[in-house]
Amino acid sequence: MLDRLKSHPDRLLLDHLIGTAERATGKAEAIRWEPFGINKESAIRLVQLCALCHDFGKASDEFQNYILHPGRGHTTHAPLSSLVTYQALLDDGFESKLAVFGYFTVRYHHGHLPNFGIVEENLNELEEQFHSVHPSVIEWFEKKTGTNLMNFDVQAICKKIQSQISKLSFFTDFTMKDYILLHTLISILVSSDKEDAALKDMIIEIQPKITLDLVQSYIANIAKDSPMYSLRQRFHQEIDRSLSKVDSRILSITAPTGLGKTLANIKVALSLAKKDTLIVYALPFINIIDQTMELMYKILEGVDYDATVLLPYHHLADPSFAGREYEQSSIQRVIVEGWHTQMVITTFVSLFESLFTNRRIPFFYKLLNSVIILDEVQSIPHKYWEPISRILSELTEFGSVVILSTATRPALLKKATSIVKENYGVDLNRTRIRFHGEVEYEEFFNVVEENVKEALRLGQKLLIILNTIKHSKEIFEYILKRFDFDRLFYLSSNVIPKQRLERLRRMKQIDRGPLICVSTQVIEAGVDISFDKVIRDYAPLDSIIQAAGRCNRHFENRMGEVDVYVVKKEENKRSLASYVYDSMLLGITKEVTSNRQVCEEREFSDLVQEYFQKVDNRGNTDKKNLINSFKSLKFEEISNFHLIEDGAQSIPVYVEYDDFAVKLREELNSIMSKDRGLGKFDKLASIKRILQKMSLYTIDVRMNREELTSALIVENGFVVVTRDNLSHWYNDQTGFQRSSSLLLF
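This is a predicted model, so every value here is computed, not measured.

Novice: If you had to explain the sheet that holds strand β20 (residues 718–721) to someone new, which residues and values would you point to?
Specialist: With mixed pairing, the four strands of this open sheet are ordered in space as β18-β17-β20-β19. With partners counted over all chains shown, the strands left at the sheet margins are β18 (698–702) and β19 (713–715), one partner each. Strand after strand, the sheet turns through a mean of 40° between neighbouring axes, direction not considered. Relative to β20, strand β17 (residues 650–655) runs parallel, the two being bridged by three bridges.

The following block contains the structure:
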């Protein structure tokens, strides 16, 4: 009987339980459990028992019939498995809280986590499942776990669990460590479960091929004829000196743009990482990830590597795999979703929405022993500073290191140790910001026109930043009508990512002006393109400073000019900035700049410090009240965390911009319609791989859903702009547009 039971179509149940337990044990052994108040031996046993029992319910007749005939309905195995887990933990001597946590881990190893509380189960169904389990299976479980299941009483166990959950909910003030513990247990179980199902006995080898020597060699070969060379050399020498004295797990690198902070971040991370440490490099925007990846490719030139060494992780990423053993889609999916790599380069959204979530995160346990780089950290909204600071601080107690990197450091993780003491902005005085005050929107067109004329006459690169897609399109179209000029570029989230990335690449290749770029904020943080002059609509100070970072980056001129205007609508005298930004942030910006009509780069540091101090004093840095949600383990409330808030309804729109986009959609439809031929994991992996490629042609559009869906195809979660409809809905320069044909539907 034992050798006939299956957990998956191609995996025997007992082999799966043993394989999952072995993988889970290995992960538990690498974690420091003491900050949780658990000794390592007990923690390993807790993880082992959860893994051994997690699929007990699959031994029932109901599940075995289902796996032989999957099209004949649905069954669930987690509820019964979780009851057995609870009994096994109690019999092994675990206190009630850890036994309940073990129960919760197994109960929700499929699906999202609910708020911690009582669960009503179908007791008759669970009793029927348990009594259908063959005695030889019961005997095997008893021998493996040391528990007694012969007198197992489903109803009594359920009542006991509900009683303990009630007591814990009423009398226990949970902590963030309890939240981290539950996510860690679930992460270990879920990742081990998925790995065994996809990999069987195969082990993923992670070789640390990104080395400090490679980075130092790359730095040594940087051209020495740049006017920035001596400053960059001083900067890196200071980093090296500071590293020899580092005794903190929370560090900050604050320096102006252009000094080589990315290289410094990588160098510091490699210096502090151990052999099995995961390095997480997080950035605010995907286009900056591409720049960082390009730098890593240069550092690794001549080295044989793949996604198990360097993994880009975001919705546009298409990781490469070198070894034959990784050809299978399901195996690649396990590597990517489990962050089985030396270094992962990802977005703030991916990182923080994996820390504050009710989803099961396969790589969560790895964050307890990692080096986390937060580059352009000023992009994190102030309303989340407190919970983010708290959870990152907690992670350092388990051995992780956090590195904050920015030109304008916010009041986040205030206890961070700065490893850059020198103020390089004094010597690096490249830009000057002029605050011009208020101007009506109609007059702003004249301001733009005069500046474009000057840029064309002088051969300058000019950047114009607006706060909304609507106004950026209007300014771009105004310039387009008045000037016959082929180096005019437009950037916003209204344009498909494929075109945005191409335009950024083209602009980087243009050494000399004239060049004009009209953009929304998508160009601000970290984009390595330098303009002679920047015009920017009003914004919070940190955004203005970031815009200044796109000006005269490499000392092409003696001084770069950044002109800031408070653009207002004539009809209501309301600033365009107020439609986008927090009024408190705009008010503080006005305060700290009120006595400064002109501000040079050497003054930026003090100005920004004053600004962020006022934000910290006045702002609500835990606007979603996440800290209280942790105390009661309210996972559903915590899942409301969204790093980028979007008040309007956004709809994913897929644009068949070219033949490849058409082909991708056809491939997705083909896979989605197949019921046979692909295994479950291979099908899911294939779907995810195609969706990643399709995201190059996908934009989020703020429009009424009915307005779009009544006129366009709705398919696989997308609204589709087909090739034959493209000219009605998509402008090749400014992106998505409302079609006049809407009037016909």
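Once the structure has been displayed, the description carries forward.
Novice: I'd like a description of the nonpolar core, backed by residues and values.
Specialist: Formed by 161 residues in total, the largest nonpolar core has its most connected members in Trp33, Phe352, Phe356, Leu374, Ile388 and Leu392. Among the elements that make up this core, the one with the highest residue count is helix α9 (residues 176–199) (12 residues). Residues within four places of Leu392 in sequence aside, it is in contact with Phe352, Ile372, Leu374, Val402 and Leu413. If you look at the next biggest cluster of nonpolar residues, it comprises 51 residues, including Phe476, Val495, Ile496 and Leu576.

Novice: With reference to specific residues and values, describe the confidence of the model for the protein.
Specialist: Predicted confidence across the protein gives a mean pLDDT of 90, with 95% of residues reaching 70 or more. Taken element by element, the protein is modelled with least confidence in helix α27 (residues 705–709), mean pLDDT 63, and with most confidence in helix α2 (residues 40–53), mean pLDDT 98. Low confidence marks residues 739–745, where pLDDT is under 50. Its contacts with residues over four positions away, or in another chain, come to 10 contacts.

Novice: Tell me about helix α1 (residues 13–29), and please be specific about residues and values.
Specialist: The end-to-end C-alpha distance of α1, which contains 17 residues, comes to 24 Å, matching closely the 24 Å that a straight helix rising 1.5 Å per residue would cover. The element α1 is extensively covered by neighbouring structure, given that 12 of its 17 residues are classed as buried. Among the residues making up α1, those that are buried are Leu13, Leu14, His16, Leu17, Gly19, Thr20, Ala21, Arg23, Ala24, Thr25, Lys27 and Ala28. Where α1 is buried, its residues meet β1 (6–8), β2 (11–12), α2, α7 (135–145) and α9.

Novice: Break down helix α3 (residues 61–68) for me, citing the residues and quoting the values.
Specialist: Among all positions in α3, only Phe63, Gln64 and Ile67 are buried. Angular distribution of buried residues about the axis of α3 spans 100°; they occupy a single face of the element. On the buried face of α3, the contacting elements are β1.

Novice: With reference to specific residues and values, describe the environment of Tyr108.
Specialist: One can find Tyr108 in the loop between α5 (96–107) and α6 (123–131). Separated by 30 residues in sequence, Tyr108 and Ala78 place their C-alpha atoms 7.1 Å apart. Discounting residues that sit within four places of it in the chain, Tyr108 has contacts with Leu113, Pro114, Val119 and Arg360.

Novice: Explain the packing of aromatic side chains to me, using residue names and the numbers behind them.
Specialist: Overall, the coordinates contain 35 aromatic pairs when judged by the stated rule. Relative to Phe152, the ring of Phe130 has its centre 4.8 Å away and its plane inclined at 35°; by these criteria the two rings are tilted. Of this pair, Phe130 sits in helix α6 while Phe152 sits in the loop between α7 and α8 (154–171); the two residues are 22 residues apart in sequence, bridging distant segments of the chain. Across the pair, exposure class does not vary: Phe130 and Phe152 are buried alike. On the basis of an interplanar angle of 70° and a centroid distance of 6.4 Å, the ring pair of Phe321 and Tyr326 is categorised as edge-to-face. These aromatic residues form a ring-pair network of at least three members: Phe101, Phe104, Tyr108, Phe116, Phe174, Tyr179, Phe356, Tyr384, Phe630, Phe635 and Phe641.

Novice: Before we move on, could you go through the environment of Ser81 and cite the residues and values that matter?
Specialist: Here Ser81 shows up in helix α4 (residues 78–91). Sequence-wise, Ser81 and Ser271 are 190 residues apart; in three dimensions their C-alpha atoms are separated by 44 Å. Contact partners of Ser81, with chain neighbours within four places excluded, come to Cys53, His54, Asp55, Phe56, Gly57 and Val106. Polar contacts involving the side chain of Ser81 include one to the main-chain carbonyl oxygen of His77, which spans 2.8 Å.

Novice: Before we move on, could you go through the sheet that holds strand β14 (residues 533–537) and cite the residues and values that matter?
Specialist: The mixed open sheet is built from seven strands, whose spatial order is β12-β13-β11-β14-β15-β10-β16. Each having just a single partner strand, β12 (488–491) and β16 (598–600) make up the two edges of the open sheet. Within this sheet the neighbouring strands show an average axis-to-axis angle of 15°, counted without direction. Judged from the eight bridges that link them, strand β10 (residues 431–440) and strand β15 (residues 560–568) form a sheet pairing that is parallel. Bridge assignment links Arg434 to a residue of β15, and that residue is Asp563.

What counts, and where the lines are drawn
Residues numbered from 1 in each chain as written. Predicted model: local features only at pLDDT ≥ 70, side-chain atom pairs only at ≥ 80, totals over all residues. Heavy atoms only, no water. Pairing = 2+ DSSP bridges. Helix = DSSP H or I, 4+ residues; strand = E, 2+ residues; numbered from the N terminus. Axes fitted to C-alpha atoms, helices over the stretch in contact; angles between N-to-C directions. Core = buried A, V, L, I, M, F, W, Y, C linked by side-chain atoms within 4.5 Å. Buried < 20%, exposed > 50% of the residue type's maximum accessible area, 1.4 Å probe, protein only. Contact = heavy atoms within 4.5 Å. pLDDT = per-residue confidence, 0-100. Expected span 1.5 Å × (residues − 1). Arc of directions from axis to C-beta. Phe/Tyr/Trp six-rings, centres within 6.5 Å; stacked < 30°, edge-to-face > 60°. Polar contact = N/O pair within 3.5 Å; in protein donor to acceptor, adjacent residues only side chain to side chain.

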